[in-house]
Each structure stands twice: as C-alpha cells, then as structure tokens.
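Notes for the structure review
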Amino acid sequence: MEATDWDRIVVLYEALGRVAPSPVVELNRAVAVAMASGPAQALAIVDELIAVARLPGSHLVPTVRGELLARIGRRPEARAELELAARLCANQRERSVLLRKAAALG
C-alpha cells in the first residue's frame, strides 16, 4: 500500500484555491498541511479563516481547530473547540462523536 502524498495534496488544494477560492477549500488545505507539515502550520491557516470571519457558525472550523490543538498538546483549548463544534453541529451522530472526543481530552 502506498503512502498518501500529502505534499501533493497541499499543492492541489493551493491550485484549487486559485481557480475556485472558498473557505472550505482553505479549511481542507489546512487539513492537508497538517498531514504534510504538522499541526502548527495548519493552525495558522485555520486561525486566519477565523480572523477574516470565514465560515461563521459552521461546526467545521472549530472541529478542525480542536483536532489541531489536540495534536499539539493544547488539550483545554482543544476541548473547548470540540465542545463549540458540537453545539454548532446539527447532526446528532456527529455531535456525539465531537463530545466524546472533547471528553477524552479531560
């Protein structure tokens, strides 16, 4: 089984962002960057989305931000983001997953 080429995926999301820019593309690029280069660099991308008020009210941004914060060991902040994501999430099953992840962070 071949390893996922996350660097290539980052490049593809960058290209997509140039031809069809959207906050969802940027959020997905952040996830790819986290996989390719680590969560700290990706967190900067997500924080920029928040700073310019992209995707307000979406559970996706705090979900990704919570996961990234957990990966760099900022557990209390990660838990708060995942709890926020759960409050914003309309899907009960997804909300349950988010709350379980938040609870596991202590």
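The residue numbers shown here count from 1 along each chain, following its written sequence. Given that the model is predicted, a residue must reach a pLDDT of at least 70 before its local features are reported, and side-chain atom pairs must reach 80 or more before they are shown or counted; all residues, however, enter totals for whole chains, interfaces and linings. In computing side-chain properties, one takes all heavy atoms of the structure into account and sets aside hydrogens as well as water.

**Considering the overall build of the chain**
Heads up, the rule is: Only DSSP runs of H or I reaching four residues or more are called helices, and only runs of E reaching two or more are called strands; each is numbered from the N terminus. Radius of gyration: C-alpha atoms only; globule rule: 2.2 Å multiplied by the number of residues to the exponent 0.38. Contacts are assigned to residue pairs with any non-hydrogen atoms lying within 4.5 Å of each other.
In terms of regular secondary structure, the chain is built from six helices and zero strands. Mapped in sequence order, the helices and strands of the chain form the string α-α-α-α-α-α. In summary, the chain has a C-alpha radius of gyration of 14 Å against a globular reference of 13 Å for 106 residues, a match within 12%. Each of the three principal axes of the chain carries a C-alpha extent, and together these read 35 × 30 × 25 Å. Looking at the chain alone, contacts between residues at least 24 apart form 42% of all its contacts between residues at least 6 apart.

**Describing the pattern of salt bridges**
Rules: Salt bridges are counted wherever a side-chain nitrogen of Lys or Arg sits within 4 Å of a carboxyl oxygen of Asp or Glu.
Counted under the stated rule, the structure contains six salt bridges. Of the charged contacts in the structure, one is a salt bridge between D47 and R65, with a shortest N-O distance of 2.6 Å. Separated by 18 residues along the polypeptide, D47 in helix α3 (residues 39-51) and R65 in helix α4 (residues 60-71) bring together distant segments of the chain. As a salt-bridge pair, R65 and E81 come within 3.0 Å of each other at their nearest N and O atoms.

**Regarding the nonpolar core**
To be explicit about the condition: We call a set of buried residues a nonpolar core when its members are Ala, Val, Leu, Ile, Met, Phe, Trp, Tyr or Cys and they connect through side-chain atoms within 4.5 Å of each other. Burial classification: accessible surface area is computed with a 1.4 Å probe over protein chains only, and a residue below 20% of its type maximum counts as buried, one above 50% as exposed, and the rest as partly exposed.
Counting 23 residues, the largest nonpolar core has L27, A42, V46, L68 and L98 as the members making the most contacts within it. Among residues more than four places away in sequence, those in contact with V46 are L27, A30, V61, V64, R65 and L68.

**What to know about the packing of helix α5 (residues 75-88) against helix α6 (residues 92-104)**
Test applied: In this analysis, axes come from line fits to C-alpha atoms, helices being fitted only over the stretch in contact, and the angle between any two N-to-C directions falls in the range 0 to 180 degrees. Put simply, angles under 35 degrees are roughly parallel, angles over 145 are roughly antiparallel, angles from 65 to 115 are roughly perpendicular, and the rest are oblique. Left-handed describes a crossing in which the near helix is turned anticlockwise from the far one by less than a right angle; the clockwise case is right-handed.
Where α5 meets α6, the axes come as close as 8 Å, and the angle between the chain directions of the two elements is 165 degrees. Considering their axes alone, α5 and α6 lie roughly antiparallel with respect to each other. Viewed along their axes, α5 and α6 form a crossing whose handedness is left-handed. Taken together, the residues of α6 that come into contact with α5 (itself represented by R75, R79, L82, E83, A85 and A86) are R95, L98, L99, K101, A102, A103 and A104.

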